[in-house]
Each structure stands twice: as C-alpha cells, then as structure tokens.
Amino acid sequence: MKPKFYTYLMVVLFLLLGVSSTFAQEAQVSGTVLDESGSPLPGVTILVKGTTRGTTSDLDGKYSINAQGNATLVFSFIGYSPLEVAVGNQSVIDVNLEPDLSDLEEVVVVGYGTAKKSQLTGAISSVGSKEIQELPITDARQALQGRAAGVDVTQPGSKPGSAPQVRIRGRRSFNASNEPLYVIDGIPVVGGLNDINPQDITSMEVLKDASATAIYGSRGSNGVVLITTKRGTKGKTIVSVDSYYGMNRELGRIDVMNGPEFAEYKRESRRTSGEYPAGPATPAADESLFEPVELEGIALGRSTDYPGGLMRNGAIQSHQIGVSGGSDKTTFFVSANYFNDKGVIKNQDYTRYTFRANIDHQINKKIKFGTSTLVSFSERNGENFNPLGGALAENPLGKPFDEDGNIIFLPTSDGLRTNPFAEIVEGAQEDLTKNYRIFNSIFANYEIIPGLNYRLVFGPDITISRSGRFTGSQTNSRRGGEPTGSVNDQFTFNYTLENILTYNKTFNSVHNLNLTALQSIQKDRYEQTTVSVQGIPAESQFYHRLGDASQITGANTNLVEWALMSFMGRLNYDYKNKFLLTATLRADGSSRFGENNRFGYFPSVALGWNIHSESFMQNSSSVDQLKFRVSYGSIGNQAINPYQTQALLGRTSYAFDNSAAFGYRPNTIGNPDLRWETSTTFNIGLDFALWNSRVFGALEYYITNTSDLLAPQPLPNSTGFGGFTTNIGETQNRGIELTLSTLNVEKGDFTWTTDLIFTRNREEIISLPNGDDISAGRFIGQPLTIFYDLKKIGIWQTSELDEAKSFGSVPGEIKIEDLNNDGVINSEDRQFLGSAVADFAMGMTNRFNYKGFDFSFFLYGRFGSMLRSQFHTGNNSLAGRYNNLDIDYWTPDNPTNSYPRPNVNQESAKYASSMEYFDGTFIKVRNINLGYNFTPEAVQKIGFTSLRIYTSIQQPFIFANYRSEHKGIDPEVFIDGEQGVGGGAVNANVSPAVTSFTFGINAKF
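Residues numbered from 1 in each chain as written. Predicted model: local features only at pLDDT ≥ 70, side-chain atom pairs only at ≥ 80, totals over all residues. Heavy atoms only, no water.

> How do you make sense of the packing of aromatic side chains when you look at a structure like this?
How two aromatic rings sit relative to each other is set out by the distance from centre to centre and by the angle between their planes. Under the definition given, this model contains 34 aromatic pairs. Aromatic side chains Tyr353 and Phe377 sit 6.2 Å apart centroid to centroid with 15° between the ring planes, which places their arrangement in the stacked category. Residue Tyr353 is found in strand β20 (residues 349-362), and its partner Phe377 is found in strand β21 (residues 367-381); the two are separated by 24 residues along the sequence. Assessed through its relative accessible area of 41%, Tyr353 is described here as partly exposed. An aromatic cluster is built from Phe750, Trp752, Phe848, Phe855 and Phe857, whose rings are joined through pairwise contacts. (Phe/Tyr/Trp six-rings, centres within 6.5 Å; stacked < 30°, edge-to-face > 60°. Helix = DSSP H or I, 4+ residues; strand = E, 2+ residues; numbered from the N terminus. Buried < 20%, exposed > 50% of the residue type's maximum accessible area, 1.4 Å probe, protein only.)

> I keep staring at the nonpolar core and nothing clicks. Help me out?
Side chains of nonpolar character tend, in soluble globular proteins, to be buried together. Formed by 43 residues in total, the largest nonpolar core has its most connected members in Ile254, Phe871 and Val986. Of all the secondary structure elements, the ones that give two or more residues to this core are α4 (259-273), α5 (283-289), α8 (388-393) and β38 (814-816). Examining the composition of this core, we find that three residues originate from one element, α4, more than from any other. Setting aside residues no more than four positions away along its own chain, Phe871 makes contact with Ile254, Leu392, Asn876, Leu885, Tyr962, Ile969, Val986, Asn987 and Ala988. One finds Ile124, Ile132, Val166 and Ala212 within the second-largest nonpolar core, a separate group that totals 42 residues. (Core = buried A, V, L, I, M, F, W, Y, C linked by side-chain atoms within 4.5 Å. Contact = heavy atoms within 4.5 Å.)

> How do you make sense of the sheet that holds strand β3 (residues 54-56) when you look at a structure like this?
Either a parallel or an antiparallel arrangement is found when strands of a sheet pair, and the pairing is made through backbone hydrogen bonds. Spatially, the four strands line up as an open sheet ordered β3-β2-β5-β6, and their pairing is antiparallel. Only two strands of the sheet have a single neighbouring strand rather than two, namely β3 and β6 (80-86). Across this sheet, the average inter-strand angle for adjacent strands is 20°, counted without regard to direction. (Pairing = 2+ DSSP bridges. Axes fitted to C-alpha atoms, helices over the stretch in contact; angles between N-to-C directions.)

> I would appreciate a short explanation of the sheet that holds strand β1 (residues 26-34) in the present structure.
Taken together, three strands build an open sheet; the order of strands is β4-β1-β7 and the sheet is mixed. One side of each edge strand has no neighbouring strand; the edge strands of this open sheet are β4 (62-68) and β7 (95-96).

> Is there a simple way to explain unusual backbone geometry in this structure?
Apart from glycine, the bulk of residues carry a negative phi angle, and the bulk of peptide bonds sit in the trans form. The phi dihedral of Asn508 is positive, around 55°, even though this residue is not glycine. The residue Asn508 is located in the loop between β24 (484-507) and β25 (511-534) in this model. For Lys576, which is not glycine, the phi torsion reads 55° and is therefore positive. With respect to the helices and strands, Lys576 occurs in the loop between β26 (551-575) and β27 (579-590). Judged by its relative accessible area of 45%, Lys576 is partly exposed.

Printed below as a string of structure tokens:
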C-alpha cells in the first residue's frame, strides 16, 4: 500500500505545482529600454526570470509584460550587459542598458536552446548578421570564411550558383562525408543552403567540439552550423528595403601565347626534332611547317583572343523587402528577395527568388506556436558548361570568322579543335537547372508548469529539381554529329519530427539546473528519373521532346530511402554561475547500418570555471572576465550511401541459345557488420576579456581521434568484385584556434575596432590495416590526401649532357630529384610534395566609425598549402600542336630552369606532372566597405526611420606567388574534389576570380 500512497502523493504535489501560479496576483508592467546614450533600444528581450514568458521592446524601446509582484525581469540584448530588476509594486520600469564589448553575456543559440556565452562549456564560434550582410554573397556559408576560427571555407573561382566547401577542424573520414551539419531554425538540412537567402539570417553559430555537437550525435560528427533566421518583434510594423547592385570583372586570366609567340613556339618544337632549321625563321621554312590559314595569320599579325571572346563583364544584384512587427500575442517577419548573379563567362548565370514568412503566436499563457516557412525558386545556367579550357588550347593564328562575320567552325585544319565561339552561339548549348524548394520549421511549445516545457517541432523539406542538357551539332563535343539531349528529374522529401522536454530550476539561488530530453526521427526519400538521347530532329526542341530523337542512349529511375531515430539527454548545471557542468548522451539508430550495429551511443562531458568570479580576482584592474573550459566526448558518422550493408544485384548481358539476353548477377558484397565511424575529441578553451573589455576573445586547443573509418577496401580481381565497404584505420586532427577582438581607439565620435581569427589544424592518418596504401594515396603520418609525385628540380642544361644521358634524358628536359640516389628515375623517387591542407589560416576585419560614416576592410589568407595547377599540364603539353601557356621554356639560347623545351615528338613533356605543383599560399582583400548613416532628423523628414547608403569592393587584390610568378589565377582550391574539380586542383571548370563593385541601400520606414 505504501508505494501506491506515495504515488498518489506525488501526483497531488505535481498538480499543486501546476496550479499554484494561478493564485499569485499578476499585473502589467511597462516601460522603455534605452541605451547608454539615452536612445531607444528596439528588439531587447525581456523575460520573467525562471520562466519562458517574455516579450521584446518595439522600435521606440517600449515594452509591456504581465508579471507577479515577487518576480524579476531580465533585460538582455546582444552587445549589452544583461540587467535584472525586481518588479515589486512597480507598474512602470524604465531601464538603461550598458554596452558589454566582451559579448560574453550575449545569448547565443546552442543545440535545442540558447545560453549565455559566459555559461557555455563547449567550443562555439558566432557570426552575426552584420558580417553576413557585408558581402554580396549567394550562399550563407561564404560569410564564415575568415570569420569563424576552426572553420575552413574554400570556394575557387566565381561560377554563379556554385557552393563553397566547408570543413570544421579538418577532415576525419576517407570516404564518408566531411561536410558539417546545417540546422536552420531547429531543423537539420539535407538539401543544401543555396536556396536560403543570406539576408534573412540573423546569426550563425558553429559548434566545434564534442560537447557542443554531441547533442546531434551522428549528424554532428563534422561539426554543426546553427542558422537562425529573423523573427518579428512586438511593436509597430517596420518595413525594410535592402538593395544592392554590383558589377563584376575578371581578376586576371590564364596567359596563353598570342599569334607570334605561338608561331615561334611551333617552330621550336620542330627544331628539337630537326624538322625546322636552327636560327631565325625564314618564309621558306615556314611554308613547309604552317598551313595556309596559319601563314595568313603570321602575315597579318593575327592573334585571336579566344578566351577573351568568351568573357564579359558580369553583374550581381539583390533586392529585398521585409515587413516585421507584431502585437502582444503575434509577431511576424515576412520577406521577399530577388537575387541574380551574371557570370563573367557567357552562358553562366544564377537567379533566385525567395519568400519567407516567420510567424509566432501566443495562444495563451502556456501555449505558443510558430512557423518558419521558406519558398524558393532558382534557375542556374551553365553548371556543366566549361568552354574556357578549349579556348585556351585553340590556335591563335586560326581564322574564327569569314568576311561576312559568320563563324568558321574549323578555324584551322585540326579536326579535333573547333571554334570556341561556336559554343556560345544562341541555341548551340543549353544547360539549365530549375530548382523548387519548400522548407518549413513548425513548432508548438507548451509550458506544463513554470520551468517545465514541452516542444514539438516538425520540419518538412521538399525539393524538386529538373536539369536539362542539350548539345548541338556545331559544338566541339559533337563536331558535326547528331545533337544530344538529356533530362534529370529529382524529387526529395525529407522530414524531421522532434519531441523536446526542457526543465529549468534554480535551487537556493545558487544551483542552476537545466535538463533537456529529446526524441527525434528523420526520414528521407529521394527519387530520380534520367533520360538521354541522340539524334534530336530539330535543334530548337532542345531537350523538351526527347521522344522524337532517333536513339535513346540511356533511361533509368532510382529510389533511395534512409531513416534516423535518435534519443538524447543533456544536463546543464552551474553553481553560483561559477562552476559549470554539461553532460550529454545521445543514441542514434541509422537504417544505413545493418542490424548488428544499427545503434551508436555518443556521450560527452564538459566543465567550465568562471575564474573572474573568484574572490581573488575581484580586485583585478586588468582582467574583466576569464573562463576556463575542458570537454571530452565522442560522436559518430553515418554519412555513407544507403544500402552499403546489403549485397546488391546488377544487370548483365549474355548469350542464351545464340540470342542476346539480360540477366542479373551479384554486383556488390554486403557487410552487415559495418560500424559507426567514431570521433573522440578532447578540447581545452579559455575565454577572456581584458582592460575594461578593450581586448576579448577565446583560445582553443583540441585533439580529435577518429576510428573505424568507413572506406572501400580493394579485393583481388579473382573474386569478381573490386572491393567492399568496411571499417579501417584511424585519423587524428589537432589544432589551435584564436578569436580576438580589440577596441583600438575610442575618442569622441571616432572608434576603431579589429576582429582577428587564427586557425591551425594538423590532420594525420594514424593507422591503416595494411600499412601505407600507395594505390589509394594514403600514408601513415600524412594528411588524408597528399601530393605524392616526382619532384622537379630544374631543367637539364647543355653543360650537363653526360649526366642527363645517364638518366635517359637530354638537355632541355625536366630534371627530377633522384631521391634514393640509385641513378635511375622511377616510382621509387616519388616523394611527399605537399597538401591542399593549409598550415594555418587567418582573417582580419578592421572597422572605423566617425559620426555617420563607417569604413571597414576584411583580409583573409591561407598559408603553407600546395595546389595542382592542371593548366600547367593540360595547357602546357609543349608539343607544338595546341596553344600553350605563355611560359619561359628552355632553348639552347635561353637556358632557363623554369620549363622544358618544346618537342613535337612528345605528346606531353617527359615527367609533365612535376610541373603542376605550386605554393598555394595567398592573401586576399576580401571586402572594402564604405557607408553613411543619415541622422534620425534627416531621415524623419522623408518618412524613414533609418537610412544607410554604401559602396563596397569585393576581392580587389589577391597576393600569391602562383599569380605573380606563374601566371595563375585564383590559388583558392577545394580541399576535397567536387563540382568537376579535383581536391587541391585548379582547372578550366573553375571560372576566373572576379572583382565586384557594389552600391547599396538599407532603409527602414
């Protein structure tokens, strides 16, 4: 009976707690929130301490809220110190907030909640709306470059619509994804961020260590980026207009030979083989070498600039209108945006239309619901259109147009080289991708009792994409053959459903407790239909009537499904806001693994100590805030393709009774014992603010070990299979991060501040099952990918004739380092040359303010990396057939050590690959911005509440050895290969770097 009695007693107590608040007398409290100068502060959060009840100040800084007499109001705003005021018998409470330059009291978004920076125990970097909106960007991830320590963002070139590559604290996996998880308004994103309008974002938080990311389990194995979009505030309706227009121009170009240079290069390639006499060129010798159109070009001094003919001045523009406001119960933010990026290569552009509606409604004191809805439509031209490589190779002596201005399809008699200008004739090529996206985050929040809340979140995400590709007859890929066309239709439906329970309680005014429990499920369904044909009867049809074609070259459909079920519990505790504890345990069950290892369990723990709260620090005149953090935890990675655990069939053909037939055979080996990749991270951090917060920031040191790597393992061909996916090896990342902000000058109306980030990461393979795997390019003690090749140390000179012969070479050819000194150049002389992974990266922003003027410039650099310039092999064959990079090549009269002698008898130079490795170090001036904020008195006369005009220059300068000495273009490269570009490589799939000049306006009324 006693157990039952206690059960009844607990139920009664629970009910009493739930209704006790109804007996307390509540009254309305109102007032105004002002800043340190007495100006109204809009958007300030006002909370009843210990509850989730709150409101925000309107445009005039005014607010009102219902609160009990014994309650305490907490006023908080980014950049200002929080303020607590007891209500008592007051009905009007006016407050002034003081600036907090350290930002350590700023409330930031963490997984499944928010927290003050001073109470954080994990490694988190923040990027605000100011940084996001300073650059005219397509993708929000671009704003992270150089702004968040530990985050390596790379985006080669300027192709419109292309996405940047993001790596947080290095790479961990060989084969599974190294891409971080993106969470928008609480919903994990699967379909990418290109559809998200950056101007709708209010902040991005980057979770880096296991303590911060463990709450996302397997999805957070490569770090997490939390994206929070703008929401409405209580008060009168505010209409905002943000618009800019910019012009783009190429920032350098790959330098190839002009007409006279090409003619002399072609002659030299024959002098090497004895087919052209030594000495100066003669008309008689030229007639035996050049075809008539080339001779005409030499006589006329013709130098056709094919790459230049494919280029144009680009443009970028964005126009947005937003409306926000709300009442005591309902707040809203609605925006519409038009964005267009016209590339500097013809037929490359990107257009996006977005509409967002974020609505929050308080049904009653206990129930609140809301939605974040995005609807997006985009069109991208030229994703796979890359005519630049062909134009670089085209003979500049050829004749591209006849006397009437019509294109000559074959400018020379070389049948493999057609006119690059034919690629941009209207109707010759069509490469268009249309994308439709509907992304939602719908929530309902119920306050069970004060401090105990239940939250239901549902996030459906629908993406419909159609890519059409048409290649006409008069193009280089068809060369007069039948036109081809294809269509790729994709449909993705992904949804997330989460149940979240949170409990906040303060005991004896010193023990602060926060508990979070989560149950989540995510499902994804991807459908694809592809059709490709040849022989389209009328080229004007493009890919819109593929059934009319004479031949179907491919047709297929595909379905891929996966699901993830998760459970998570998190404890946050602090004692007197001095000693901090965070403990998390997450369990993930993934359909991508077999039944033997479907669930993975990922714990983490973190401790923090606010040292500045100690009595021995109270009298310090230099230290304002000082916090020490340490964390340790594990997270998993499930980012492999579905169905890897299963044995799959593939179609095969065979002869059945002398007739062709189709059948099915085992195509892959299943592995039901596949396990989760597991990354275990140890992190130490120090947050600090010094000298009245004139200097503040954070310093981090971390080590991450990743084991049970998911990767393909080769098998002998005799088995009938190339390999299978299994768990092999171990990698390690370790590094140092520094985030530093300084107030350099504050005198009168003039201020100068600096933000600096420094990132140094070392990735390393710790173990492999069979030692170094040369065929896969994996070496113990080296980064995950490394350039392993012969090393060029110069060019054999005439004085080295005998030594060159001993190595099977002649003067004018590449000299390779004989690594093992055996007198033979072979595979044993390959060595580690470098990696696309930088030794360190830095970003620095300086901001100057004087009265209404603001000026800033942003520098970003990566140091110590290496790149592969495939222009220096693909466009540097030195065989005298195609146009070549304008290089300093060797001749008997020009004994350079830069590049070898042209030779018509070599399809490419001997040891050609050794010419493509270069120092990838660079410093970029990413942005220079000058703006003016009109005074309130001036804008009120025209009916505005605020008005700012500005102009900016993006990427006016790139300082790099690759550009200045080797005539390269942008040395920024992807670390991992994607988008038609290999890891660490630069090639013609990369559109040239550009400089943008933009002019914009930010207005509110």
